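Each chain, written out:
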Amino acid sequence: MARNREVQRYRRNLKGKYDGSKNGKLNFIRGLVIVAVMAILTFRFVIGTSTIDGQSMNPTLKNGQRVFFLRVLPKYKVGDIISFRMPSGDYYVKRVIAREGDVVVVQDGAITVNGEQIAEPYANGETDTQEDTVVYPYTVGRDAYFVVGDNREHSIDSRSFGGIVKYQIQGKILGDYDSRYGI
């Protein structure tokens, strides 16, 4: 009985000294660390950000606009806007016009893919060939994409350098996070 009272008194004293605030703070810090690690992993492997530099995607995307992209898509569709890295180290944002195996021809201000002129309501300006580096008809290579800017007269794109290979692609542009603009 005396032992029982002694144990109860010890518990009351211990409870008075330890009110749970330390455990609450530790849980809060642990939660912050978990959120920080999840954010780092998400932005490293799932989502990326980019800032549009130049006029090549006007009017769809504007100079200075900040966008985010999804990194984990295995394939990209015609019409997708993607971010990719050039061998020079520069990053470009362009629209996919053709995929592996497609035959592209740029002629008379229009683009045809596999013999059909594509409808491009987003295109701005004349679509002409660029520099004599790409010979038409151009067949898009394995795991490659033919990409062009929406602002055709102010875009350096696959009309100059040919198709881009899948490993160059950072991801598909999903939207912007800048309240001044909207996609």
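This text goes with the structure placed above it.
Residues numbered from 1 in each chain as written. Predicted model: local features only at pLDDT ≥ 70, side-chain atom pairs only at ≥ 80, totals over all residues. Heavy atoms only, no water.

Student: Before we go on, may I ask you to explain the environment of valine 103 in this structure?
Tutor: Looking at the element boundaries, valine 103 is found in strand β5 (residues 103–107). Taking the C-alpha atoms as reference points, valine 103 and glutamate 116, separated by 13 residues in sequence, lie 9.9 Å from one another. Apart from the residues lying within four places of it in its own chain, the contact partners of valine 103 are Thr112, Val113, Asn114, Pro137, Tyr138 and Thr139. (Helix = DSSP H or I, 4+ residues; strand = E, 2+ residues; numbered from the N terminus. Contact = heavy atoms within 4.5 Å.)

Student: Would you explain the packing of aromatic side chains in this entry?
Tutor: A ring pair, where both rings are aromatic, is described by two values, the distance of the centres and the angle of the planes. Counted under the stated rule, the structure contains 5 aromatic pairs. Geometrically, the ring pair formed by tyrosine 76 and tyrosine 145 is edge-to-face, given 5.9 Å between the ring centres and 80° between the ring planes. Of this pair, tyrosine 76 sits in the loop between β2 (66–70) and β3 (81–85) while tyrosine 145 sits in strand β9 (residues 144–148), and the two are 69 residues apart along the sequence. Here tyrosine 76 falls in the buried class, since its relative accessible area comes to 3%. Aromatic pair phenylalanine 84 and tyrosine 92: ring centres 5.8 Å apart, planes at 70°, arrangement edge-to-face. Overall, the relative accessible area of 22% leaves tyrosine 92 in the partly exposed class. (Phe/Tyr/Trp six-rings, centres within 6.5 Å; stacked < 30°, edge-to-face > 60°. Buried < 20%, exposed > 50% of the residue type's maximum accessible area, 1.4 Å probe, protein only.)

Student: So what exactly am I meant to see when it comes to the pairing of strand β1 (residues 47–51) here?
Tutor: When a strand is regular, its side chains alternate between the sheet's two faces. Here β1 shows a buried face lined by Gly48 and Ser50 and an unburied face lined by Ile47, Thr49 and Thr51. Relative to β2, β1 runs antiparallel, the two being bridged by 5 bridges. Bridging from a neighbouring strand, glycine 48 pairs with phenylalanine 69 of β2. (Pairing = 2+ DSSP bridges.)

Spatial relationships are all this shows, so hold off on functional conclusions.
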